[in-house]
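Architecture and fold: a report
What follows is each chain in one-letter form.
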Amino acid sequence: MGLSTFVVASLVYILILFFIAFYTDSRTVKSSWVNNPYVYSLSLAVFCTAWTFYGSVGKAAKSGMGFLPIYLGPTMLAPLWIIIFRKMILISKAQRITSIADFISSRYGKSTFLGSLVTIVAFLGIIPYISLQLKAIADSFDLLATFSINQTSVSNPTEVSSVFYNTAFYITIVLALFTILFGTRNVDPNERHEGLVTAVAFESIIKLVAFLGVGIFVTYFLYDGFNDIFSKAALNPKTAPLLFLPESSASEWFWLTILSMCAFMFLPRQFHIAIVENINPNHVTKAMWLFPLYMLIINIFVLPVTLAGIMQFENMNIRADNFVLELPLANGQNLLGLLVFIGGLSAATSMVIVETTALSIMVSNHLVIPFLLTNLTKDKSEAKDISQRVILVRRITILIILLIAFAYVRTIATNRELVSIGLVSFAAVTQFAPILLAGLFWKGATKAGAISGLFAGFFIWAITLTVPTLAEYGLLSKSIFTEGYFGVSWLKPYELLGLSGFDQISHSAFWSLLFNTSIFFVVSLYKSPTPSEITQADYFVNIYKYMNMGSEFEVLKRQAKMDDLRFLLKRFLGEDRAHILLRIYEEENNINLDKITIANADVIAYAETQLAGALGGSSAKILIGSVVKEDPISLDEMLHVLDQTQEIIVTNRELERKSKELQETTEQLQHANEQLKELDRLKADFVTTVTHELRTPMTSIKALSKILLDNKDLPKEQHDEFLNIVVLETERITRLINQVLDIEKLQSNAFDWRFERLNINRLVDRVQKGFLPVFEEREIEFEMKFLETDVTIYGDSDRLTQVIVNLIANAVKFTNTEGGYIALIIERLNEGTIAIKVIDNGKGIPVEKQSMIFERFTQIDDPTEGKPTGSGLGLFISRSIVEHHKGKLYVESMPDMGATFVIELPVYMD
Amino acid sequence: MTRKTGKFIALFILSAIFLNYPILGIFSKPHWIGGFPAPAIYLFVVWLLVIIAIFFMVRTGYPLSIKPPKKKKN
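Residues numbered from 1 in each chain as written. Chains lettered and ligands numbered in written order. Predicted model: local features only at pLDDT ≥ 70, side-chain atom pairs only at ≥ 80, totals over all residues. Heavy atoms only, no water.

Residues and elements named next belong to chain A. Applying the stated criterion to the full structure yields 47 aromatic pairs over all chains. For the ring pair Phe47 and Phe291, a centre distance of 6.3 Å and an interplane angle of 80° mean the geometry is edge-to-face. In this pair, Phe47 sits in the loop between helix H3 (37-44) and helix H4 (50-63) while Phe291 sits in helix H13 (residues 283-299), placing the two residues 244 residues apart along the sequence. For Phe47, a relative accessible area of 3% translates into the label buried. Phe291 gets classed as buried once you look at its relative accessible area, which sits at 1%. Residues Tyr220 and Phe226 carry aromatic rings whose centres are separated by 6.2 Å and whose planes lie at 85° to one another, so their mutual orientation is edge-to-face. (Phe/Tyr/Trp six-rings, centres within 6.5 Å; stacked < 30°, edge-to-face > 60°. Helix = DSSP H or I, 4+ residues; strand = E, 2+ residues; numbered from the N terminus. Buried < 20%, exposed > 50% of the residue type's maximum accessible area, 1.4 Å probe, protein only.)

And the structure:
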């Protein structure tokens with residue numbers, strides 16, 4: 001099998017890739033093809049590059065199981081994908097994030113500078129990694145070339161390398177072509193390349209099959225299964241130590257797992273596949289176990305192949321990186337060799353294709369376009385579609401990246417192991433971890449913090465990993481290793497600040513992450529964010545809150561002319577696409593944009609998101625900013641907005657309190673209302689009763705007067721009797737009316753009270769004297785008992801007289817007609833109270849009626865004697881008067897045992 | 001943090017502990033398990049267990065009610 005077979009085979013393979021990608025892209029119904037978790041999981045396996053395919057064995061030949069942490073890291077991380085990836089995907093879909101640079105820049109207020117910085121770090125960090133892939137391709141060609149010349153294993157491959165590096169060069173060009181065709185088809189706001197993803201997934205299958213092929217061949221055909229290899233290896237002094245874990249590699253192991261975790265998330269190609277190309281966030285759940293399983297399977301045979309390689313080529317100068325290809329070839333398995341070669345090619349090409357695509361998007365969106373935009377005239381006559389220019393920028397970028405990588409292979413990386421080159425890139429992208437992860441969950445992370453942290457980490461990375469490489473190749477004085485930078489002893493690149501005992505990678509990862517993280521946090525805490533940062537920070541951290549909202553959450557209320565927006569979209573996305581996008585918006589929101597001259601915040605946000613999908617967040621922000629009139633919102637205003645929110649919270653609490661109070665007041669009012677209703681009812685009763693009471697005497701007056709009028713010749717006696725009755729009834733009416741007026745005055749507090757000091761004995765004496773003729777006339781036995789010493793009370797003489805008169809009159813009325821008895825007794829109950837008792841020996845008052853008699857119009861009916869005379873108001877008025885004197889009026893009585901009315905009054909004290 | 005989220009975080013911490021030193025230090029001495037070097041068997045078995053654990057955890061229905069962000073409709 002000649003070399004030409006391999007060249008042809010690789011070209012055929014790449015053609016197959018072209019076909020797959022082209023077929024996928026040209027399918028009209030695409031969703032069902034790429035839209036499944038298996039393609040997603042397989043495309044994630046772009047993580048396994050030529051480094052995995054060839055380099056794992058190389059690493060295992062040195063440190064046994066030491067190759068594993070690179071795959072264990074992402075496996076440990078897998079349970080967290082559901083937390084981290086889901087959030088990142090949702091944010092990216094909502095904000096049309098195009099790359100990791102875009103993600104970080106968007107998180108920190110769509111900062112153009114931060115986007116550029118991330119791009120530069122990624123670019124410098126990834127170039128060695130890409131060149132590693134090209135080197136793997138070149139090396140495998142090299143190997144095949146020497147092989148086909150000698151038909152045996154060859155010790156010194158460098159003689160022919162120049163020719164076959166040229167082959168590798170052509171492969172590079174073909175790869176560039178593929179990437180340009182399928183990675184930069186158009187400026188798509190979704191930035192999705194389904195053809196490319198399908199091709200990558202296909203390549204993942206090929207490299208897995210190829211590696212399993214060589215693994216099975218070595219384990220089961222060259223040897224008699226795992227046990228055979230292991231037992232033979234245990235006897236060989238070169239391989240025996242590789243079977244077990246060295247005690248000392250703890251820190252290296254740990255840092256490799258950390259680096260590989262970060263690399264799996266933050267390498268531009270991983271971010272591109274996992275986040276940007278993700279079609280459905282639900283695919284993540286399946287990939288969570290499918291992808292670790294893929295890594296497990298592809299690693300099963302690494303150790304056996306390594307051991308077999310070392311034992312087989314024990315005395316030959318063959319690099320362990322080449323064992324995978326060399327083992328089948330040396331054993332005459334040329335077809336298997338071809339498969340392995342294709343597998344290595346697929347591992348390398350898939351990485352190169354996706355990585356350069358992702359990098360080209362970053363470079364064009366964050367380095368070139370922002371620069372172009374600042375020089376862009378807003379002249380509308382130059383309405384040429386700028387999206388073509390963007391695509392051109394990307395294509396040139398891809399070509400440049402690949403050429404730089406190729407140059408790197410030729411000059412620097414020729415003799416380094418694949419793994420050590422790759423780890424330098426891992427360490428570079430690990431610098432994104434603090435600012436990205438903290439940015440996802442901590443709102444306080446600020447742009448200033450992110451920039452300074454990233455700068456610090458990048459700087460440490462450079463002086464501990466990349467600058468020393470320059471020295472190793474003689475571009476710098478090697479004295480830095482022994483004496484430190486600038487001759488400062490604590491600035492040795494591999495022993496920074498005197499820290500020794502670490503391998504280079506762990507050393508660099510530790511210091512760079514330490515400086516990166518601490519500076520990031522400290523600056524974030526001490527430097528307050530700008531308004532647009534706060535907006536974006538809240539959006540990223542609380543994405544779930546915003547998921548079903550439009551642009552209503554936007555603090556910045558922006559306005560722009562619809563024509564300007566239309567112009568921008570046309571210019572950067574192309575006429576047709578702009579038209580379609582605007583139509584979609586019209587459909588979704590049910591409005592006609594043609595009728596609108598001034599676009600509102602919602603339309604602007606939509607346009608910005610679409611532009612961001614094509615050009616990245618920061619470029620889109622610049623573009624939109626050029627046409628939008630945005631009241632520049634200052635920090636003060638922002639704080640004002642926040643203050644208002646605070647006020648609203650306070651007001652809410654106040655409202656809550658008020659409403660509680662209101663509820664209480666309502667209850668009180670309800671209570672009062674019921675009382676009022678009761679009063680109203682009483683008043684109505686009162687009026688009815690008064691009317692009734694008035695009508696009775698009126699009726700008799702009316703009747704008697706009519707008789708007198710009609711019968712002029714009535715006998716004188718009768719005439720007089722009638723007139724007498726009329727006079728009596730009139731008096732009754734007058735009394736009633738006076739009483740009603742009294743009540744009215746009492747209730748409205750309009751009584752003209754005349755309080756003065758009164759001698760109680762004298763007062764009562766005056767009253768009883770007035771009644772003496774009545775008692776005599778009625779033959780009532782009367783007893784009077786005064787206080788022995790004079791006591792002064794404070795009161796209204798007339799009113800108190802009225803009360804006592806009322807009580808005595810009642811007693812007269814109700815005492816027995818035969819043998820009537822009334823007593824009037826003044827007693828001193830205690831130091832501060834005297835009592836005036838009016839006692840009769842009438843028929844008494846039933847206990848249940850004793851409280852009623854003090855109500856208005858209550859009269860005690862007696863079935864035997866009929867309705868008593870009187871209005872029924874007297875006792876009510878009496879009690880009111882006594883109570884006004886801070887006294888009490890009550891009755892003590894038993895049926896047929898008479899009644900005792902008691903007036904208690906306070907004694908006047910000086 | 002929901003219960004389920006807590007479980008995923010716990011699995012992450014556990015796998016990070018069991019696939020790292022000092023636990024791995026146990027295997028620095030030459031041990032054999034069924035004809036295989038002990039560290040290789042241990043690492044691959046733990047690896048597989050993590051995969052199986054994730055498989056069952058996501059299978060029993062993680063509440064992934066993600067809808068793509070929707071534009072409000074008027």
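Further remarks concern the pairing of strand S10 (residues 833-840) of chain A. Residues and elements named next belong to chain A. The buried fraction of S10 is high, at seven of eight residues. Across eight bridges, the pairing between strand S9 (residues 821-830) and S10 is antiparallel. For Ala823, the partnering residue across the bridge sits in S10 and is Ile839. Count of turn residues in the S9/S10 antiparallel hairpin: two residues. As judged from the eight bridges shared by S10 and strand S12 (residues 899-906), these two strands associate in the antiparallel manner. Pairing of Val838 across the sheet is with Phe901, part of S12. (Pairing = 2+ DSSP bridges.)

This part is about the nonpolar core. Residue and element names in this part refer to chain A. Formed by 206 residues in total, the largest nonpolar core has its most connected members in Trp81, Phe85, Phe426 and Phe432. The element that contributes the greatest number of residues to this core is helix H7 (residues 112-150), accounting for 19 residues. Setting aside its immediate chain neighbours within four residues, Trp81 contacts Leu44, Pro74, Arg86, Phe264, Val284, Ala287, Met288, Phe291 and Pro292. Formed by 49 residues, the second largest nonpolar core is a distinct cluster that contains Leu736, Leu746, Leu824 and Val882. (Core = buried A, V, L, I, M, F, W, Y, C linked by side-chain atoms within 4.5 Å. Contact = heavy atoms within 4.5 Å.)

With that settled, the discussion passes to the pattern of salt bridges. All names here are of chain A. Counted by the stated rule, this structure contains 17 salt bridges over all chains. Of the charged contacts, one joins Asp139 and Arg319 as a salt bridge, the two residues approaching to 3.9 Å between their closest N and O atoms. Pair noted here: Asp139 is in helix H7 and Arg319 is in the loop between helix H14 (302-312) and helix H15 (323-330), with a separation of 180 residues, a long-range link. Here Arg319 falls in the partly exposed class, since its relative accessible area comes to 33%. Taking the shortest distance from any N to any O, the salt bridge between Lys443 and Asp538 comes out at 2.8 Å. Of the two residues, Lys443 sits in the loop between helix H19 (432-441) and helix H20 (447-472) while Asp538 sits in helix H23 (residues 531-541), which places them 95 residues apart along the sequence. (Salt bridge = Lys/Arg side-chain N within 4 Å of Asp/Glu carboxyl O.)

So, about unusual backbone geometry. Here the bond from B:Tyr21 into B:Pro22 is cis, since omega is 5°, no more than 30 degrees from zero. Positioned with a positive phi, A:Lys110 is a non-glycine residue whose angle comes to about 55°. With respect to the element layout, A:Lys110 can be found in the loop between helix H6 (100-107) and H7. Look at A:Glu779: it is not a glycine, yet its phi comes out positive at around 60°.

Here we come to the sheet that holds S12(A). Residues and elements named next belong to chain A. Ordered by their spatial adjacency, five strands build an open sheet running S7-S9-S10-S12-S11, and the pairing between neighbours is mixed. Only two strands of the sheet have a single neighbouring strand rather than two, namely strand S7 (781-785) and strand S11 (888-893). This sheet shows a mean twist of 20° between the axes of neighbouring strands, independent of strand direction. In this fold helix H31 (residues 760-778) packs onto S7, S9 and S10, with an angle of close to 170° to the strand it touches most, S9. (Axes fitted to C-alpha atoms, helices over the stretch in contact; angles between N-to-C directions.)

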